[in-house]
Amino acid sequence: MRKLYVAMVGLPARGKSTLARRIRQGLRAEGTRAEIFNNGDVRRALLGAESTEPDFYDPENSFGREAREMICRQNLEQARQWLAQGGEVAILDATNASRARRAYIEKTLTDHPVLFVECVNEDPLLLNACIRRKADLPEYAAFSRDAALENFMTRIGYYETIYDPLRDEKYWLCVDSTANRVLAERPCEGSPFYPAIREIVVSVWVHSLFLARHGQTEFNVQGRIGGDPPLTAKGRSQAEALARHMQNHRLDWVFTSTRFRSHETAAPLLAQRPDTHVMALKEFDEIWAGDCEGMLYTEIRERMPDVTAGRNADKYGYAYPNGESYAILRERVQRGLRRALFLAGDSPVLIVGHQAINRVLLSLFLRQRTEDVPYIHIPQNQYYHIELTPQRKVFERIPYDPVSAV
Ligand code: F6P
C-alpha cells in the first residue's frame, strides 16, 4: 500500500494543529498508522525562548530563517524514517507558508506522495479568539497578555509577507477549517488515504458537548416569551446545581447567549473555573418573537389569534411578525455551533442556551422531522451530552437537579 505525507499549510492561528490531530485520529480509527511531526515542538525543544521573539520570524533575519529551515529538514527526516519503519501517514504540522518551502518539501520527500492541506479561517471572530488563545500558551508565560498578543501579531505579520496560497503543488486540499468545507482541491489520485482524509476534513466531530438550558426565569413562571429577564430563586438554585454537577467534568469552553439568563446560569460554574474560556454568542440568543416579544402566550392567543393559529398549523415554519421562525433560526444556530466547535477543538464544551435554540441545536444532530423540532423537550434541570467521533457516539440526557421540577 502506498504511504503518504500530509503537509499542513496556513498562517498561524488558522486551525492547522487541530485539523492535523483530527486527521490523525480519523485515520487511526480506521486502523491506519498515522503520526504528527510538529515543527513548533522541535523549535521549542531546541531553541526555547529565543524563538518566541518575533524577529526570529522576520524573513530578513538570516539566523531565524536558517534555524527554521534546519528544523524543517530535521522534521522531514524524522517523518521519512518513521514511514520507512512501518508508519503509513506522516502529518507535517507547520505553516509551510511559502511556495519555496513547499517546493523544497516536494523535492526532498520523493519516496511517497505529499498531500498539502491548507487551512483557511476568514471568520474575524474566530481568528481573533484563536490569536487571543495563543497568548495563553506556556511559550508566552513570561509576557504580559498585551505583550504576548503584540508579539504574536508581529509573528503573523512576518508570515503574511511570505505566504502563498496553494496552486502549483502536485496534490492539495484547501479547507475552510471553520466550516468543515473543501474550498478547492487537486486530488491525490490513487492514494487510498485521500478519500479518507477528505471525509475527515468535511465531517463534523463533537468531542464532548454539554447542552444546558438556562434556569427558570420570572417570564417562564408567568408564561411570557422572549425579553431579558433574570433567573428566579429556583433558577439560581438550578444554576448552582449545574455547577456542582459539572465539578468533576473538564470544561475548557463555555458558550452563552448574550442574554442575562444564560450568563446568570453559567456564572456559578464559571466562578469555580478561572481558566475556562467563556464567550457570549449572539447566534445562541433565543428565537426573536418580533412584535410578540415580552408577551404572555395567553395574551398572544387573545390579541393576535393569527399568530397562535399560524404556529399551531406550522410551528417550525411560522415566523413571528417581524420576528423569527425555527426554520430561520437554523442558519444562525448552525453558525454558532460551528464557531463553538471550532474554538473548542477537541476539548469539552458547554453551551448554555434557550428552549428554541437548544431544540434547533439538537436537531442538527438528530435525524428529526422538522415538524417535530419545536416540540423537543428541553427541561431546565437536565442537560444533553453529545459525543460524535469515529470512536464514540454518545447521546444522553442527564438530570443535574432531580429535586427541581420543571
Ligand atoms: O418560554 C420560554 C422561551 O424560551 C421563549 O422565550 C421562547 O419564545 C420560547 O421559549 C420558545 O418555545 P416555543 O417555540 O415552544 O414557544
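Before reading on, note that the structure itself is shown above.
Our subject in this report is the structure included herewith. Note that the structure is a prediction, hence the values are computed from the model and not measured.

About the criteria used
Residues numbered from 1 in each chain as written. Predicted model: local features only at pLDDT ≥ 70, side-chain atom pairs only at ≥ 80, totals over all residues. Heavy atoms only, no water. Helix = DSSP H or I, 4+ residues; strand = E, 2+ residues; numbered from the N terminus. Near = heavy atom within 4 Å. Polar contact = N/O pair within 3.5 Å; in protein donor to acceptor, adjacent residues only side chain to side chain. Areas by Shrake-Rupley, 256 points an atom, 1.4 Å probe, with all protein chains shown as cover. Nonpolar A, V, L, I, M, F, W, Y, C, P; charged D, E, K, R; others polar. 1 Å grid on protein atoms, 1.4 Å probe; cavity = no way out; pocket = protein on both sides within 12 Å on 5 of 7 lines; lining within 4 Å. Points joined across faces, edges and corners; volume = space filled by probe spheres on them. Buried < 20%, exposed > 50% of the residue type's maximum accessible area, 1.4 Å probe, protein only. Contact = heavy atoms within 4.5 Å. Phe/Tyr/Trp six-rings, centres within 6.5 Å; stacked < 30°, edge-to-face > 60°. Lys NZ or Arg CZ within 6 Å of the ring centre and 35° of its normal. Core = buried A, V, L, I, M, F, W, Y, C linked by side-chain atoms within 4.5 Å. Pairing = 2+ DSSP bridges. Axes fitted to C-alpha atoms, helices over the stretch in contact; angles between N-to-C directions. Parallel < 35°, antiparallel > 145°, perpendicular 65-115°, else oblique. Left-handed = near helix turned anticlockwise from the far one by under 90°.

Description of the environment of Trp82
Positionally, Trp82 belongs in helix H3 (residues 62–84). The spacing of Trp82 and Phe342 is 260 residues in sequence and 30 Å in space, taken between C-alpha atoms.

Considerations on the site of the ligand
As a matter of local geometry, the ligand sits amid 13 residues, with Glu286, Tyr297, Arg311, Lys315 and Tyr326 nearest to it. A distance of 2.5 Å separates an oxygen atom of the ligand from a polar atom in the side chain of Glu286. Between the ligand and the protein, one listed contact pairs an oxygen atom with a side-chain N or O atom of Tyr326 at 2.6 Å. Against a free-state accessible area of 400 Å², the protein chains account for coverage of 94% of the ligand. Its residues assigned to classes, the shell around the ligand comprises 5 nonpolar, 3 polar and 5 charged.

Looking at the layout of surface pockets
By volume, the second largest pocket is sized at about 590 Å³. In this structure, the second largest pocket is lined by 26 residues; those nearest its centre are Asn180, Val204, Trp205, Arg338 and Leu341. Residue assignment for the lining of the second largest pocket shows that the elements contributing at least two residues are helix H1 (16–29) and helix H13 (326–344). Broken down by element, the residue count for the lining of the second largest pocket peaks at 5 residues, all from H13.

So, the environment of Gln272
Residue position: Gln272 is located in the loop between helix H10 (260–271) and strand S9 (277–280). Residue Gln272 is classed as partly exposed on the basis of its relative accessible area of 38%. In the structure, Gln272 is positioned 29 residues away from Ala243 in sequence and 8.2 Å away in space, judged by C-alpha atoms. In this structure Gln272 touches Ala243 and Gln247, once residues within four positions along its chain are discounted.

Quick word on unusual backbone geometry
We note that Ala13 has phi near 70 degrees; this positive angle belongs to a residue other than glycine. Of note, Ala13 is situated in the loop between strand S1 (4–9) and H1. A positive phi angle, near 40 degrees, is found at Asn96, a position not held by glycine. Mapping Asn96 onto the fold places it in the loop between strand S3 (89–93) and helix H4 (99–108).

Digging into the packing of aromatic side chains
All chains considered together, the criterion is met by 10 aromatic pairs. Relative to Phe143, the ring of Tyr140 lies with its centre 5.5 Å away and its plane at 80 degrees, an arrangement referred to as edge-to-face. We classify Tyr140 as buried; its relative accessible area is 2%. Taking the relative accessible area as the measure of exposure, Phe143 reaches 27% and is therefore partly exposed. An aromatic cluster is defined as three or more aromatic residues linked by ring pairs; in this entry it consists of Phe56, Tyr57, Phe63 and Tyr159. Here Arg224 stacks its cationic end above the ring of Phe219, 5.7 Å away from the centre of that ring.

What about the nonpolar core?
With 44 residues, the main nonpolar core has Leu209, Phe255, Phe284, Leu343, Ile351 and Leu361 as its most contacted residues. Listed by contribution, the elements that provide at least two residues to this core are helix H5 (124–134), helix H6 (145–162), strand S7 (206–213), strand S8 (253–256), H13, strand S10 (349–353), helix H14 (355–363) and strand S11 (382–388). Here this core takes 9 residues from H13, the largest share from any one element. Beyond its immediate chain neighbours, meaning those up to four positions away, Leu209 contacts Leu337, Val349, Ile351, Phe365, Tyr384, His385 and Ile386.

Observations regarding the side chain of Gln238
Among the structural elements, Gln238 can be located in helix H9 (residues 233–245). Side-chain polar atoms of Gln238 contact the backbone nitrogen of Gln216, separated by 2.8 Å.

Section: the sheet that holds S8
Read from one edge of the open sheet, 6 strands run S9-S8-S10-S7-S11-S12, paired in mixed fashion. In this open sheet, the two strands that pair with only one neighbour each are S9 and strand S12 (393–399). Averaged over all pairs of adjacent strands, the angle between strand axes in this sheet comes to 15 degrees, irrespective of strand direction. Pairing of S8 with S9 involves 4 bridges; the strand directions are parallel. Each bridged residue has a counterpart across the sheet, and for Trp253 the counterpart in S9 is His277. Set on the sheet, H14 makes contact with S7, S10, S11 and S12; between it and S7 the angle comes to about 155 degrees.

Some points on the packing of H9 against H10
In helix packing, the relevant descriptors are the interaxial angle and the interaxial distance, both defined with respect to the helix axes. One can describe the packing of H9 onto H10 by two numbers: an axis separation of 8 Å at closest approach and a directional angle of 40 degrees. Relative to H10, H9 is oriented oblique. Seen from above, H9 lies across H10 with right-handed handedness. Taking contact as the criterion, the partners of Arg236, Ala239, Glu240, Leu242 and Ala243 in H9 are, on H10, Glu264, Thr265, Pro268 and Leu269. For the contact of H9 with H10, the residue count by class is 5 nonpolar, 1 polar and 3 charged.

What to know about empty space enclosed by the protein
For the coordinates displayed, the defined rule picks out 2 cavities of 30 Å³ or more. If you go around the largest cavity, the residues you meet are Gly226, Gly227, Arg259, Arg261, Glu286, Ile287, Trp288 and Glu293. Roughly 40 Å³ of volume is contained in the second largest cavity. Taken together, Asn39, Cys72, Asn75, Leu76, Leu92, Ala94, Asn96, Arg101 and Ile105 make up the lining of the second largest cavity. Contributing elements (two or more residues each) for the lining of the second largest cavity: H3 and H4. The residue makeup of the lining of the second largest cavity, split by class, is 5 nonpolar, 3 polar and 1 charged.

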